[in-house]
Amino acid sequence: MPLHVLQHPLAQHVLTHLRDKTTKPVLFRTLSYQISLLLALEATRDLATVEKEIETPLEKMKGRVLAKPLVVVPILRAGLGMLQPFPDVFPDVSVGYVGLERDHQTAIARSYYCKLPPLAGARVLVVDPMLATGGSAAQALTLVKAQGATEVGFICIVAAPEGVDTVQQAHPEVPIHAGVVDRTLNDRKYILPGLGDFGDRLYGT
Ligand code: PRP
Ligand code: URA
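Residues numbered from 1 in each chain as written. Chains lettered and ligands numbered in written order. Predicted model: local features only at pLDDT ≥ 70, side-chain atom pairs only at ≥ 80, totals over all residues. Heavy atoms only, no water.

## Quick look at the layout of surface pockets
Phase 1 of the analysis: Estimates place the volume of the largest pocket at around 650 Å³.
Phase 2 of the analysis: Taken together, 30 residues line the largest pocket, and the ones lying closest to its centre are A78, E101, R102, Y190 and D197.
Phase 3 of the analysis: Elements with a contribution of two residues or more to the lining of the largest pocket: β4 (70-76), β6 (97-102), β9 (130-131), α4 (135-146) and α6 (198-203).
Phase 4 of the analysis: Its residues assigned to classes, the lining of the largest pocket shows 13 nonpolar, eight polar and nine charged. (1 Å grid on protein atoms, 1.4 Å probe; cavity = no way out; pocket = protein on both sides within 12 Å on 5 of 7 lines; lining within 4 Å. Points joined across faces, edges and corners; volume = space filled by probe spheres on them. Helix = DSSP H or I, 4+ residues; strand = E, 2+ residues; numbered from the N terminus. Nonpolar A, V, L, I, M, F, W, Y, C, P; charged D, E, K, R; others polar.)

This is the structure we're talking about:
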């Protein structure tokens, strides 16, 4: 499936401030919200709609409304920084949670939590700001598919080419929406130039 990279100039502006190491958590959270909203709108451009007849104050007309349920699944903890735009613009969205944490030595993610609403028949969007090795994203996508999701997308803010490859190999039908694709990973599997540890910067830890 294709990789979609945000093209809006506001995305570049927001990313630059997110990357800046002097940006404090309070601004970092606002910037995360802003770029996640842009990504949410891009990733839902192709949602199906159905006809609905309504009456305006003047006459009857046929409008269109969203056809299928939408479920967003943030990968804890950093994925929480991307969650809020979804309930803000899609009031009927359901939220599932997958908890994954990378081991500091091996960079392999360990699953510690999973709570998902019904996924069959829904558009499911897994969100995590950093796609580094791709291990966490691939695991989360496997989990939601095992719970019945058939129409799945993945959204991140910063991707490494290595992570894009991993997800495309493991889940070739899943579209990836990224704010930007960076150069590479360092030997500790952090993205370069990246923005550091997203969860730490989001929560001041
Ligand atoms: C970060 C990030 C992703 C993962 C990406 O989470 O939020 O979940 O690393 O790395 P990968 O592509 O190599 O799997 P982390 O494990 O640091 O946990 P946190 O969100 O709790 O800080
Ligand atoms: N997780 C992060 O938060 N940042 C990286 O660069 C890689 C994984």
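## Structural notes on the nonpolar core
Phase 1 of the analysis: Core analysis: the largest hydrophobic core is formed by 35 residues, its most contacted members being L18, I35, F86, I155, I157, V158 and F198.
Phase 2 of the analysis: Elements with a contribution of two residues or more to this core: α1 (9-19), α2 (25-43), β4, β8 (123-127), β10 (151-159) and α6.
Phase 3 of the analysis: Here this core gets seven residues from one element, more than from any other, and that element is α2.
Phase 4 of the analysis: With sequence-adjacent residues up to four places away left out, V158 is seen in contact with L15, P129, M130, L131, V180, D182, I191 and L195.
Phase 5 of the analysis: Counting residues in each nonpolar core, the second largest holds 25 residues, with L119, F154, V164 and A178 among its members. (Core = buried A, V, L, I, M, F, W, Y, C linked by side-chain atoms within 4.5 Å. Buried < 20%, exposed > 50% of the residue type's maximum accessible area, 1.4 Å probe, protein only. Contact = heavy atoms within 4.5 Å.)

## Topic: the environment of P118
Phase 1 of the analysis: When you line up the elements, P118 lands in the loop between β7 (109-115) and β8.
Phase 2 of the analysis: For P118, a relative accessible area of 73% puts it in the exposed group.
Phase 3 of the analysis: Along the chain, P118 and S94 lie 24 residues apart, while their C-alpha atoms are 9.1 Å from each other.

## Brief notes about the site of ligand 2
Phase 1 of the analysis: Close contacts around ligand 2 come from R102, M130, A132, K189, Y190, I191, G196, D197 and F198, and that covers them all.
Phase 2 of the analysis: Taking I191, its main chain carries an N or O atom lying 2.8 Å from an oxygen atom of ligand 2.
Phase 3 of the analysis: At a separation of 2.8 Å, an oxygen atom of ligand 2 approaches a polar backbone atom of F198.
Phase 4 of the analysis: Starting from 240 Å² of accessible surface for ligand 2 in isolation, the protein chains cover 90%.
Phase 5 of the analysis: When atoms are counted within 2 Å of each cavity's grid points, the one that captures over half of ligand 2 is the largest pocket.
Phase 6 of the analysis: Residues that form the shell around ligand 2 fall into these classes: five nonpolar, one polar and three charged. (Near = heavy atom within 4 Å. Polar contact = N/O pair within 3.5 Å; in protein donor to acceptor, adjacent residues only side chain to side chain. Areas by Shrake-Rupley, 256 points an atom, 1.4 Å probe, with all protein chains shown as cover. Sits in = over half its atoms within 2 Å of the grid points.)

## Comments concerning α1
Phase 1 of the analysis: Here α1 has its buried residues at A11, V14, L15 and L18. Angular distribution of buried residues about the axis of α1 spans 105 degrees; they occupy a single face of the element. α1 presents P9, Q12 and T16 as exposed residues on the side facing more than 90 degrees away from its buried surface.
Phase 2 of the analysis: Buried residues along α1 sit against α2, β10, β11 (176-181) and α6. (Arc of directions from axis to C-beta.)

## Here's the deal with the site of ligand 1
Phase 1 of the analysis: Around ligand 1 lies a shell of 14 residues, among which R102, D128, T133, G134 and S136 are the nearest.
Phase 2 of the analysis: In the model, an oxygen atom of ligand 1 is placed 2.9 Å from a nitrogen or oxygen of the A78 main chain.
Phase 3 of the analysis: One of the backbone nitrogen or oxygen atoms of G134 is found 2.8 Å away from an oxygen atom of ligand 1.
Phase 4 of the analysis: Considering ligand 1 on its own, with 500 Å² of exposed area, one finds that the protein chains cover 91% of that surface.
Phase 5 of the analysis: Because more than half of its atoms lie within 2 Å of the grid, ligand 1 is assigned to the largest pocket.
Phase 6 of the analysis: Elements with a contribution of two residues or more to the shell around ligand 1: β6, β9 and α4.

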